[in-house]
Amino acid sequence: MVSVSFVVKNVLVPLTALVALAALVGAQQRRFTVVEASISDMRVALQSHGVTSHELVQQSLTRIALYEDRLNAIIYVNPHALEEADERDRERAAGRIRGPLHGIPIALKDNIQTRDMPTTGGALAFAGLIPPYDATVTRNLRDAGAIIIAKTQMTELANWVTVGMPANYNSLNGYGMNPYDPRHDPRDGLSDGRPVLATGGSSSGVGTAVSFWAANVGTETSGSILSPANQNMLVGIKPTVGRVSRYGIIPITADQDTAGPMARSVTDAAIMLGAMESGTPDPDDAATAACAPPAGRDYTRFLDRAALKGARIGVPRAFFYDAVTSGRSSIPRGGLTADQRKAMDDALAVMRQQGAEIVDPADIPSIVDADPARNFLDWNVCSGPDNAKGKDADCSVTYKYGMKRDFGRWLALLGDAAPLTSLTALRAWNDTHRSAGALKYGQSNLDNADETDLLADRNRYEADRRKDLFLTASHGIDEVMKAQRLDALIFPAQSGAGIAARAAYPTVIVPFATVANTPMPVFPAGFDPRPAPYGVSFTGMACSEPRLIALAYAFEQASRLRAAPAGQARGRVAPPLFP
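Remember, it's a predicted structure, so these values are computed and weren't measured experimentally.

**Remarks on the pattern of salt bridges**
Part 1: Inspection of the entire model under this criterion finds 41 salt bridges.
Part 2: Across the pair arginine 183 and aspartate 181 runs a salt bridge, and its minimum N-O distance is 2.6 Å.
Part 3: Salt bridges sharing partners connect three or more residues here, namely Asp255, Arg405, Asp406, Arg409, Arg465, Asp468 and Arg502.

Structure (structure tokens):
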């Protein structure tokens, strides 16, 4: 049994304090800075001897020492990061370059296994868990030369614990904060420590936004790469399920789980994706046979500034842009605010200027279908106490069935290292440790998953999964893209994440604008929220990452509107928050 008194950042204070002092002494002589530096910038500097991997990691650790207390972007810092950097420097000096990330610091979401660091999923029950093997994606990144400097903050167990838990909160490490407005929510009933500007869940992109590292790896079941990428003004690539191996990653459901990169540019995200993907199918994950990797696993060959010229770009206007009445609802659903609509109008104008043919509308058939049985908006994922067994006739059981099936398999693969043996044991542990904060928001989704009978409920699960695929793929994205001969669908921010994720399809999101942060209930009088980042998503059918990356790159190069967290308010530029 793990101890609830385990201090997960026990290495952070002494380690970062020492490296901060050493780094600051020589700050004036430094010729290269990690702040806003791209992976390509770092590679050129390393190759030209303008910087060493040791210096890159030391600068990163210094930034963590300076700013982590304000952001809570990290669950664990690698205490051996400088030693690993020294080894990468020795290898470089000997002429051995492992791959495209040689000597470059990155971070992993803390549900991705590392056998030399804890992997907790943010769960108090897994504090201090050292897995017996690396995840395949961890091994691939290390083979490419990456230095895994930290494990990032995340929503507990990738946000399949309960309903109502704030994004990027977990019982082990509290709340993550957004660098674009790193303050606590002041609203009555919501002032429990959560951020005033959501960080996106369940993967943290916070550390990448403030240059704690060059890029990070997140995971997504539905929105957990696209959402934090959007909220932290990052590029995120949510791959086709199976493009990147899931072996060694704490699961929700294998039907939809995938790892993917977040970075400050499309180029960096493309480099990361190639390093994450295996060259041949992973024998530990059968889904990796779904998509063939590009030659040399090199996605940078698709970075084409002219890719939008002649591309057919579809606008799924119903629901995602304009409110729509369809299915069983007589009340219009969906639509954008004025700020969001202006951002998307501007984005489409950029694409037209670059020669794209905008197909508008290109509505998704399952969104506008009048028959509730054929309407995606009437087919939610079963979650929370309202969808417990016996109350789940009109929703998809795929998540709770998948969690019961796949979480148990993951625990079994840990062998003797597993602190618990089943989902039932986890729920009991959480209940026993309520006073330690294990169940601040409850565990209704874990309850729902655990009551699933994998044999008795299998037919229901399979029927629901078929319906998921019908509404999202064959009567959804596939139908409109084939009928309109589209290269991609363009969604506002991460709004298309749900339909693409349930189809297991890829999406690339690119930073583009900021919009007003106007949640309900409203902020108290006198409180001035800073603007929220807002991106543009390119979605396609299975294995279309090369085309989506090309389109996203062309759009990024034509717009170049990403901005580092710089403390802007009402047109007045304040001193940088994280210089």
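Alright, that's what it looks like, and here's the rest.
**Considerations on the environment of asparagine 430**
Part 1: Tracing the backbone shows asparagine 430 in helix α13 (residues 423–432).
Part 2: According to the relative accessible area criterion, asparagine 430 is buried, its value standing at 3%.
Part 3: Spatially, the C-alpha atoms of asparagine 430 and aspartate 110 are 19 Å apart, while their sequence positions differ by 320 residues.
Part 4: In this view, asparagine 430 contacts Ala125, Ala438, Leu439, Gln443 and Leu446; residues no more than four positions away in its chain are not counted.
Part 5: Polar contacts involving the side chain of asparagine 430 include one to the side chain of glutamine 443, which spans 3.1 Å.

**So, the nonpolar core**
Part 1: If you look at the biggest cluster of nonpolar residues, it comprises 146 residues, and the most contacted ones within it are Leu141, Ile313, Met351, Phe407, Phe538 and Phe555.
Part 2: Ignoring any residue separated from it by four or fewer positions in sequence, one finds methionine 351 in contact with Leu308, Ile313, Ala356, Ile358, Ile490, Val536, Phe538 and Phe555.
Part 3: Core analysis: the second largest hydrophobic core is formed by 22 residues, Tyr67, Ala107, Ile149 and Phe578 among them.

**So, the packing of aromatic side chains**
Part 1: Following the criterion strictly, the structure yields 16 aromatic pairs and no others.
Part 2: Pairing phenylalanine 126 with phenylalanine 407 gives two aromatic rings, centres 6.4 Å apart and planes at 40°, and the pair type is tilted. Pair noted here: phenylalanine 126 is in the loop between β2 (105–109) and α5 (136–143) and phenylalanine 407 is in helix α12 (residues 398–414), with a separation of 281 residues, a long-range link. Comparing phenylalanine 126 with phenylalanine 407 shows no difference in burial state: the two are buried.
Part 3: Pairing tyrosine 133 with tyrosine 247 gives two aromatic rings, centres 4.9 Å apart and planes at 20°, and the pair type is stacked. Of this pair, tyrosine 133 sits in the loop between β2 and α5 while tyrosine 247 sits in the loop between β7 (235–238) and β8 (258–263), and the two are 114 residues apart along the sequence.
Part 4: Classification of tyrosine 247 as buried rests on a relative accessible area of 18%.
Part 5: A cation sits over an aromatic face here: lysine 467 above tryptophan 379, 4.1 Å from the ring centre.

**Focus on the state of the cysteines**
Part 1: One pass over the full model with this rule turns up 2 disulfides.
Part 2: Note that cysteine 291 is cross-linked by a disulfide to cysteine 543, the S-S spacing being 2.0 Å. Sign of the S-S torsion, about -80° for the bond between cysteine 291 and cysteine 543, identifies this disulfide as left-handed. Here cysteine 291 is found in the loop between α8 (266–276) and β9 (312–314), whereas its partner cysteine 543 is found in the loop between β15 (532–539) and α17 (545–559), with 252 residues between them in sequence.

**Observations concerning the pairing of β8**
Part 1: β8 sits mainly inside the fold: 6 of its 6 residues count as buried.
Part 2: Going residue by residue along β8, you find Thr258, Gly260 and Met262 tucked away on one face and Ala259, Pro261 and Ala263 tucked away on the opposite face as well.
Part 3: In the sheet, β7 pairs with β8 via 2 bridges, with the strands oriented antiparallel. Bridge assignment links glycine 236 to a residue of β8, and that residue is methionine 262.

**Observations regarding helix α4 (residues 81–93)**
Part 1: Spanning 13 residues, α4 covers 18 Å between terminal C-alpha atoms, matching the ideal 18 Å at 1.5 Å per step.
Part 2: Phi turns positive, to about 85°, at glycine 95, one or two residues after α4.

**Examining the packing of α5 against α8**
Part 1: Viewed as axis vectors pointing N to C, α5 and α8 meet at an angle of 115°, and their least axial separation amounts to 8 Å. The angle between α5 and α8 falls in the class roughly perpendicular. Counted together, Val137, Asn140 and Leu141 of α5 and Met272, Ala275 and Met276 of α8 form the full contact between these two elements.
Part 2: Across the contact of α5 with α8, the residue classes break down as 5 nonpolar, 1 polar and no charged.

**Concerning helix α3 (residues 53–71)**
Part 1: Of all the bends in α3, the greatest measures close to 45° and is centred on alanine 65.
Part 2: Positioned one or two residues after α3, asparagine 72 has a phi angle of 55°, which is positive.

**Some details on the sheet that holds β8**
Sheets are built from strands that pair by backbone hydrogen bonding, the pairs being arranged parallel or antiparallel.
Part 1: Strand order in the open sheet made by the 11 strands is β1-β3-β2-β6-β8-β7-β14-β15-β13-β9-β10, with mixed pairing throughout. Of all strands in the sheet, those bounded by a partner on one side alone are β1 (74–77) and β10 (357–359). Neighbour-to-neighbour, the strand axes of this sheet turn through a mean angle of 30°, independent of strand direction.
Part 2: As judged from the 2 bridges shared by β9 and strand β13 (residues 488–492), these two strands associate in the parallel manner. Looking at the pairing, glycine 314 lines up with leucine 489 of β13.
Part 3: Across the face of the sheet, α5 comes into contact with β2, β3 (147–152) and β6 (215–220) while running at roughly 180° to β2.

How each quantity is defined
Residues numbered from 1 in each chain as written. Predicted model: local features only at pLDDT ≥ 70, side-chain atom pairs only at ≥ 80, totals over all residues. Heavy atoms only, no water. Salt bridge = Lys/Arg side-chain N within 4 Å of Asp/Glu carboxyl O. Helix = DSSP H or I, 4+ residues; strand = E, 2+ residues; numbered from the N terminus. Buried < 20%, exposed > 50% of the residue type's maximum accessible area, 1.4 Å probe, protein only. Contact = heavy atoms within 4.5 Å. Polar contact = N/O pair within 3.5 Å; in protein donor to acceptor, adjacent residues only side chain to side chain. Core = buried A, V, L, I, M, F, W, Y, C linked by side-chain atoms within 4.5 Å. Phe/Tyr/Trp six-rings, centres within 6.5 Å; stacked < 30°, edge-to-face > 60°. Lys NZ or Arg CZ within 6 Å of the ring centre and 35° of its normal. Disulfide = S-S within 2.5 Å. Pairing = 2+ DSSP bridges. Expected span 1.5 Å × (residues − 1). Axes fitted to C-alpha atoms, helices over the stretch in contact; angles between N-to-C directions. Parallel < 35°, antiparallel > 145°, perpendicular 65-115°, else oblique. Nonpolar A, V, L, I, M, F, W, Y, C, P; charged D, E, K, R; others polar. Bend = angle between axes of the 7 residues up to and from the residue.

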